[in-house]
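Read off the chains here:
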Amino acid sequence: READEWVKSEEPWDRMRGIKMLGGMGVEESLPFAKTLFYDRTRTRFVDRRELPNDEACGVQKAAAIALLSLMGADAIPVIERELKTANPFMKGQLLQVLRRADKQEDVHIDAWQHTAFTEMWHRLAAHDSDLVRYPAQCHLLHQDDGTYLLRQPELVQSDSDNVRRAAVALLRTLESPETLPLLRIAVVDKNDSVR
């Protein structure tokens, strides 16, 4: 009952607290609130001097994203994917973090059969037109890869992103395949010390 009141509050912290609780308890009747609050872009922290929001800039939206995944499972993916196109740079990172944690079962329980939808989503995001989405998605795929993805996308060893190249090399170290040798030769002369 308290959470029901909180999601209707004018206070953003109450809305965050309420939707987290209702989503966490799996209260299906709260789904309309979660859908509404997902588009609540109330700033929940200050913006610094460089006009960059800090780590809970749109906390209501982030809390609602977690609730949507709790209540809808993989069916929430298209909703969050659409928002990634228009979200500010900081919130792109926050929403990707929510998706990563859900995929790893850290904040949300996702049934095993729904993991295919997550894998397909990461592949779509790995081809996203925004670097802020594409590079983290590629890293996520590389961290979970058995070598299949990387050997189909060998150009990732020469990505513009240091993080992607590091993730590719970390994976190459674990693979016992002659196909990795040309990629390691590329990596060993990389401009970044940690990749080399």
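In this report, the structure presented in the accompanying data block is examined.

Section: unusual backbone geometry
No. 1: A positive phi is found at Gln 105, a non-glycine position, where the angle reads about 65°.
No. 2: Within the fold, Gln 105 resides in the loop between α6 (89-103) and α7 (115-125).

A word on helix α5 (residues 77-86)
No. 1: Within the sequence span of α5, burial applies to Ile 77, Val 79, Ile 80, Glu 81, Glu 83 and Leu 84.
No. 2: Of the surrounding secondary structure, the elements contacted by the buried residues of α5 are α4 (59-72), α6, α7 and α8 (131-144).

A short note on the packing of aromatic side chains
No. 1: Counting across every chain of the model gives one aromatic pair.
No. 2: Seen in terms of ring centroids, Phe 38 and Tyr 39 are 5.2 Å apart; in terms of plane orientation they differ by 75°. Their pairing is edge-to-face.
No. 3: Seen from the ring of Trp 6, Arg 17 lies directly overhead, with NZ or CZ sitting 3.8 Å from the centre.
No. 4: The positively charged end of Arg 134 is found above the aromatic ring belonging to Tyr 135, 5.1 Å away from the centroid.

Rules used throughout
- Residues numbered from 1 in each chain as written.
- Predicted model: local features only at pLDDT ≥ 70, side-chain atom pairs only at ≥ 80, totals over all residues.
- Heavy atoms only, no water.
- Helix = DSSP H or I, 4+ residues; strand = E, 2+ residues; numbered from the N terminus.
- Buried < 20%, exposed > 50% of the residue type's maximum accessible area, 1.4 Å probe, protein only.
- Contact = heavy atoms within 4.5 Å.
- Phe/Tyr/Trp six-rings, centres within 6.5 Å; stacked < 30°, edge-to-face > 60°.
- Lys NZ or Arg CZ within 6 Å of the ring centre and 35° of its normal.

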